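Architecture and fold: a report
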Amino acid sequence: MEYVRLKDIGQIITGNTPPTSKPEYYGDYMPFIKATDIPIGVKCTLVTEQSYSKLAAEKYKKSLVPKGSTCVVTIGSIGKKMTYAHTDLFVNQAINAIVPKDSYDNEYIFYNVRCSVLPQLKKLDSGTTSGRENISKTSFSSIRIPVIRDKNVQRRIGVILSTYDSLIENNTKRIRLLEKMAENLYKEWFVRFRFPGHENVKMVNGLPKGWKYVNFGKLSPIVTGKKDANFASPNGKYKFFTCSKADLMADSYSFDCFAIILAGNGDLNVKLYKGQFEAYQRTYVLTPYDISHIYISYYTIQSELDRLLVGAAGAVIKFLTKGMIEKIKIVVPDQSLLRKFNIMLDANFKIRQNLIAQNTLLARQRDLLLPRLMSGKLEV
């Protein structure tokens, strides 16, 4: 075991963001990962908001990040986010990528950086004039990490840890597929009106006979979380929802229910959650009076997010008001069809929850093994 600087492990590449004034630089030719695309605790970033065009890939070819590189966020939310290049790709300027030399196993370096580098990044924050966290490329390149020199041992460690992440990735793909199936079922039945037996139902004023539109405010109370500067209390046992993410935090404003959680500030997003959780300010907790309306309300709100963002208040940071949420139109079908929809969505949701629980357990086991393998305390 010896200590090696990151720049001696391989080349350090800092990414670029093509100017948005040149739309020809964006397309679907190669993945373009920004810090905001990277999910915390997940190995690979498979979904990105934008991609490079072939023109941009040629222009920025010197900053191409090869498959197998380790990409670490060094501007903004430092000490939390990193990702493994599952293919050749590009990153933005908030990310430094390590391209290991042939004498190192790529996956070993990724897990070593996760174990040895992420925890110390906050200490190297030099800040910026805008107040954002920042680590210079020079400081990042000079970070020293303990390395096992035997590449065969490195490879075995990488295989052990990547097995956990492969299982997590497969579960995550299944979760996304189930989410898409549920969304498509909602659209087929309640947007296109191609529900079972639709051929025999008359349309009246644009809706199947007997159906109606109801303002969401009549179907559900709308409760907001609370601002609390001391929300990081000791127990940390519930999910904590803010306006842009879900993280493990502690008591702020507690709930224990099946709810629609709507982030009403900044990047609007919505999710279904069942269990104990906390909610911060500008996060809306929606619990329909009649639980049979939860799925149809959730997918309606999800489909309305883009429209809501356009009408949201706030010049710099967009936010939703309670009144805007109350006025969302929810289609209410006849009870028999709603019952069928809920039975199918309940089964879908339970499978997703089970997969999420499996991923939590797998991640916990991986993270327990990680320091022991990197320190050499656990032989492979």
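Residue numbers restart at each chain and count upward from 1, following the sequence in its written direction. The predicted origin of the model limits local features to residues at a pLDDT of at least 70 and limits the giving and counting of side-chain atom pairs to 80 or more, whereas totals for whole chains, interfaces and linings rest on all residues. With hydrogens and water set aside, each side-chain value is computed from the structure's full complement of heavy atoms.

Helix and strand definitions here come from DSSP, where helices need a minimum of 4 consecutive H or I residues and strands a minimum of 2 consecutive E residues; each element is numbered from the N-terminal end. Secondary structure summary: the protein contains nine helices and 19 strands in total. Any residue under 20% of the maximum accessible area for its type is buried, any over 50% is exposed, and the rest in between are partly exposed; the area is computed with a 1.4 Å probe on protein chains only. In the protein, buried positions account for 46% of the 380 residues. In what follows, a contact means two residues having at least one pair of non-hydrogen atoms within 4.5 Å. For the protein, the share of sequence-separated contacts (at least 6 apart) that also reach a separation of at least 24 residues comes to 73%. Per-residue and other accessible areas follow the Shrake-Rupley method at a 1.4 Å probe size, with only the shown protein chains counted as cover for residues. Surface exposure of the protein reaches about 19,400 Å², of which carbon and sulfur atoms provide 52%.

What follows is about the confidence of the model for the protein. Per-chain confidence: the protein averages 88 in pLDDT, with 89% of residues scoring 70 or above. Note on residues 229–238: pLDDT is under 50 here. Beyond four places in sequence and across chains, it has 22 contacts. Known as pLDDT, the predictor's per-residue confidence is scaled from 0 to 100. Scored below 50 in pLDDT, residues 242–252 makes 46 contacts in the model with residues more than four places away or belonging to other chains.

All right, on to helix α9 (residues 335–375) then. With 41 residues, α9 should cover 60 Å at 1.5 Å per step; its first-to-last C-alpha distance of 60 Å lies within 8% of that length. At L369, α9 shows its strongest bend, of approximately 25°, with the proline P371 following within four residues. Backbone geometry just after α9 places G376 at a positive phi near 85°. Multiply 1.5 Å by the residue count of a helix minus one, and that product is the helix's expected span. At every residue, the bend is computed as the angle between two fitted axes, covering the seven residues ending there and the seven beginning there respectively.

This part takes up the nonpolar core. Only buried Ala, Val, Leu, Ile, Met, Phe, Trp, Tyr and Cys residues count toward a nonpolar core, and they belong to the same one when joined by side-chain atoms within 4.5 Å. F190, L262, L286, I325 and F341 are the most contacted members of the largest nonpolar core, which totals 40 residues. Only α5 (151–190), α6 (216–219), β16 (254–263), β17 (269–279), β18 (283–286), α7 (294–311), β19 (329–332) and α9 provide two or more residues apiece to this core. If you tally residues by element for this core, the top one is α7, at eight residues.

This paragraph deals with the pattern of salt bridges. We define a salt bridge as a contact between a side-chain nitrogen of Lys or Arg and a carboxyl oxygen of Asp or Glu at a distance within 4 Å. The final tally for this structure, using the stated rule, is 14 salt bridges. D165 is paired through a salt bridge with R114; the nearest N and O atoms lie 3.9 Å apart. Here the residue D165 occupies a position in helix α5, and R114 occupies one in helix α3 (residues 106–116), the gap between them amounting to 51 residues. Of the residues examined, R114 reaches a relative accessible area of 11% and is grouped as buried.

Only C-alpha atoms enter the line fits that serve as axes; for helices the fit covers just the stretch in contact. Angles between N-to-C directions range over 0 to 180 degrees. For the pair α3 and α9, interaxial distance at closest approach is 10 Å and the crossing angle is 100°. On the basis of their axis angle, the class for α3 and α9 is roughly perpendicular. Facing α3, whose interface residues are Y108, Y111, N112, R114 and C115, α9 presents R366, D367, L370, P371 and M374. Lys, Arg, Asp and Glu make up the charged group, whereas Ala, Val, Leu, Ile, Met, Phe, Trp, Tyr, Cys and Pro make up the nonpolar group; the residues left over, Gly among them, are polar. Residues of the contact of α3 with α9, tallied by class, amount to six nonpolar, one polar and three charged. Each angle is binned into one of four classes, with values under 35 degrees roughly parallel, values over 145 roughly antiparallel, values of 65 to 115 roughly perpendicular, and all other values oblique.

Take the sheet that holds strand β6 (residues 82–84) next. Pairing between two strands requires that DSSP report at least two bridges joining them. Read from one edge to the other, the open sheet built from four strands follows the order β2-β8-β5-β6, with strand pairing classed as antiparallel. Whereas interior strands pair on both sides, the edge strands pair on one side only; in this sheet they are β2 (10–14) and β6. Between one strand axis and the next, the sheet turns by 20° as a mean value, whatever way the strands run. In this sheet, strand β8 (residues 95–100) lies alongside β2 in antiparallel orientation, the contact comprising five bridges. Each bridged residue has a counterpart across the sheet, and for G10 the counterpart in β8 is P100. In the packing of α3 onto the sheet, the strands contacted are β5 (70–73), β6 and β8, and the crossing angle to β6 comes to about 170°.

On to the side chain of D37. Turning to its location among the elements, D37 is positioned in the loop between β3 (26–33) and β4 (50–52). A distance of 3.2 Å separates a polar atom in the side chain of D37 from the backbone nitrogen of E49. In this structure, D37 is in contact with F32, T45, V47, T48 and E49, ignoring residues within four places of it in sequence. Between N or O atoms, a polar contact is any pair within 3.5 Å; within protein, one atom must be a potential hydrogen donor and the other a potential acceptor, and residues adjacent in sequence are included only when both atoms are from side chains.

As a further point, take the sheet that holds β4. Ordered in space as β4-β3-β7, the three strands form an open sheet in which the pairing is mixed. Each edge of the open sheet is held by one strand with a lone partner, namely β4 and β7 (90–91). As paired strands, β3 and β7 are joined by two bridges and run parallel to one another. The partner of F32 across the bridge, within β7, is F90.

Time to look at the environment of L161. In this structure, L161 sits in helix α5. On the accessibility criterion, L161 (0% relative accessible area) is buried. C-alpha separation for the pair L161 and E107, spaced 54 residues apart in sequence, amounts to 8.6 Å. Setting aside chain neighbours within four positions, we find L161 in contact with Y111, R366, L369, L370, L373 and M374.

On to the packing of aromatic side chains. Aromatic ring pairs are reported here in terms of the distance separating the ring centres and the angle at which the planes meet. Pairing of aromatic side chains here covers Phe, Tyr and the six-membered ring of Trp, requires ring centres within 6.5 Å, and sorts the geometry by plane angle: under 30 degrees stacked, over 60 edge-to-face, intermediate tilted. As enumerated under the stated definition, the model contains 20 aromatic pairs in all. Here Y52 and F90 contribute two aromatic rings whose centre-to-centre distance is 4.3 Å and whose plane-to-plane angle is 20°, an arrangement assigned as stacked. Here Y52 is found in strand β4, whereas its partner F90 is found in strand β7, with 38 residues between them in sequence. Neither Y52 nor F90 differs from the other in exposure class; each is buried. Each ring, one from Y295 and one from F349, has its centre 6.5 Å from the other, and the planes form 65°; the classification is edge-to-face. Placement of Y295 in helix α7 and of F349 in helix α9 is noted, with a sequence separation of 54 residues between them. Here Y295 and F349 have matching classes, each one buried. One aromatic cluster is present, built from ring pairs that chain together Y186, W189, F190, F193, F195, W211, Y298, Y299 and F341. Any Lys NZ or Arg CZ that is within 6 Å of a ring centre and within 35 degrees of that ring's normal is treated as a charge sitting over the ring. Sitting over the face of the ring of Y84, K43 holds its NZ or CZ atom 4.6 Å from the ring centroid.

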